[in-house]
Amino acid sequence: MRAMEVFRATEFDFRPPPQVARARRVLIKPDAAHPHPHPLSTSRETLEKIISGIRRVSDADILIVEGNPEGLPMGPIYRALGYNFPRVLTVDVKDSVWVEIESPLLKPHGLASAWVPNVLLSCDFWINVATCKVIRGQGHFAVRNLLGLLPHTKYHWQDLEAVGMEKVMADLYFILPFDLAIIDGRQRFVGDEEGRGRVEDYGQVIVGESLEVDQEMAQECGASTGYIELIRSARAELDA
């Protein structure tokens, strides 16, 4: 497993792991559900660095995949965010064909399986590029970014909250085992759900395994992340 790395944002240079050189298709999942500028969305600068790093070692197809929770089309959102990279395909979650992936856990916390875009299964390497946000004291980092892959027609927000969002996120961590997580912390946001809050300069990009980078960010920001303990206990059971 790749050790966690912390970069100054101005010096971030993506060095892909060896698996990327062998990949035919690489998936990038940004935090880009709405046309809001960084840090509410993954910055174009960080995505550009990641794509350039991939291109240095591979001619693999690169797919950016995201969905809007209200079912709004992603095309205008991608354009507003400047995600117009050459030879990169942008995919809208709502236009995808769905496939059901089961949890490897014997006792899932809230989701025994999840319906997700089938394009994930055609990709050889998955990269989660999240932002650094603290919303009402809750950390919105890499694991929470996985929620954007759930189709809005099958998963209503109220239903997920009724199950328990922390449980849902813990289950998605195992159902969707991303190969790499990147926290785009050029800036970070602290506020409420409506986007009212403050933007702080943070100046870091963190690269590593999803749980590791979320633990780091939660500690740095003093944010609540109940799913982390759920994931730790479930991992211990799997290892046993």
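As shown above, the structure is provided for reference.
Residues numbered from 1 in each chain as written. Predicted model: local features only at pLDDT ≥ 70, side-chain atom pairs only at ≥ 80, totals over all residues. Heavy atoms only, no water.

Colleague: Mind showing me how you'd approach unusual backbone geometry here?
Modeller: In most cases, non-glycine residues show a negative phi, while peptide bonds are predominantly trans. A cis amide bond, omega 15°, links His-38 with the succeeding residue Pro-39. The backbone phi angle of Arg-87 is positive, close to 60°, even though this residue is not glycine. Looking at the element boundaries, Arg-87 is found in the loop between helix H3 (74-80) and strand S4 (88-92). Among the residues examined, Arg-87 registers a relative accessible area of 57% and is labelled exposed. Not every positive phi belongs to a glycine, and Arg-136 is a case in point at roughly 50°. (Helix = DSSP H or I, 4+ residues; strand = E, 2+ residues; numbered from the N terminus. Buried < 20%, exposed > 50% of the residue type's maximum accessible area, 1.4 Å probe, protein only.)

Colleague: How do you make sense of helix H8 (residues 226-239) when you look at a structure like this?
Modeller: Residues separated by three or four positions in an α-helix point in the same direction, a consequence of the helix having 3.6 residues per turn. The end-to-end C-alpha distance of H8 is 21 Å, a good match for the 20 Å that 14 residues give at a rise of 1.5 Å each. Buried residues in H8 make contact with helix H4 (142-145), helix H6 (165-175) and helix H7 (210-221). (Expected span 1.5 Å × (residues − 1). Contact = heavy atoms within 4.5 Å.)

Colleague: Sorry, what's going on with the pattern of salt bridges here?
Modeller: For the structure on display, the rule yields 14 salt bridges. With a closest N to O distance of 3.1 Å, Glu-66 and Lys-29 form a salt bridge. Remark: Lys-29 occurs in strand S2 (residues 25-30) and Glu-66 occurs in strand S3 (residues 61-66); sequence separation between them is 37 residues. As far as burial versus exposure is concerned, Glu-66 and Lys-29 are alike and both buried. When salt bridges with common partners are traced through the structure, they connect Arg-188, Arg-198 and Glu-200 into a single cluster. (Salt bridge = Lys/Arg side-chain N within 4 Å of Asp/Glu carboxyl O.)

Colleague: Looking at this structure, how should I read the packing of aromatic side chains?
Modeller: Two aromatic rings are characterised by how far apart their centres lie and by the angle between their planes. For the coordinates displayed, the defined rule picks out 6 aromatic pairs. For the pair Phe-12 and Phe-14, a centre-to-centre distance of 6.5 Å together with 45° between the ring planes defines the contact as tilted. Classification of Phe-12 by relative accessible area gives buried; the value is 1%. A residue is classified by how much of its surface remains accessible, and Phe-14, at 0% relative accessible area, is buried. By way of ring pairs, the aromatic residues Phe-7, Phe-12 and Phe-14 are connected into one cluster. Lys-154 extends its terminal NZ or CZ atom over the ring of Trp-115, reaching a point 4.6 Å from the ring centre. (Phe/Tyr/Trp six-rings, centres within 6.5 Å; stacked < 30°, edge-to-face > 60°. Lys NZ or Arg CZ within 6 Å of the ring centre and 35° of its normal.)

Colleague: Explain the packing of H6 against H8 here, please?
Modeller: Helix-helix packing is characterised by the crossing angle of the two axes and by the distance between the axes. Running from N to C, H6 and H8 point in directions that differ by 45°, and their axes come no closer than 8 Å. Here H6 is positioned oblique relative to H8, judged by the angle of their axes. Two packed elements cross with a definite hand, and for H6 against H8 that hand is right-handed. Residues Glu-166, Lys-167, Met-169, Ala-170, Tyr-173 and Phe-174 of H6 lie in contact with H8, whose contacting residues are Gly-226, Tyr-227, Leu-230, Ile-231, Ala-234, Arg-235 and Leu-238. Broken down by class, the residue content of the contact of H6 with H8 amounts to 9 nonpolar, 1 polar and 3 charged. (Axes fitted to C-alpha atoms, helices over the stretch in contact; angles between N-to-C directions. Parallel < 35°, antiparallel > 145°, perpendicular 65-115°, else oblique. Left-handed = near helix turned anticlockwise from the far one by under 90°. Nonpolar A, V, L, I, M, F, W, Y, C, P; charged D, E, K, R; others polar.)

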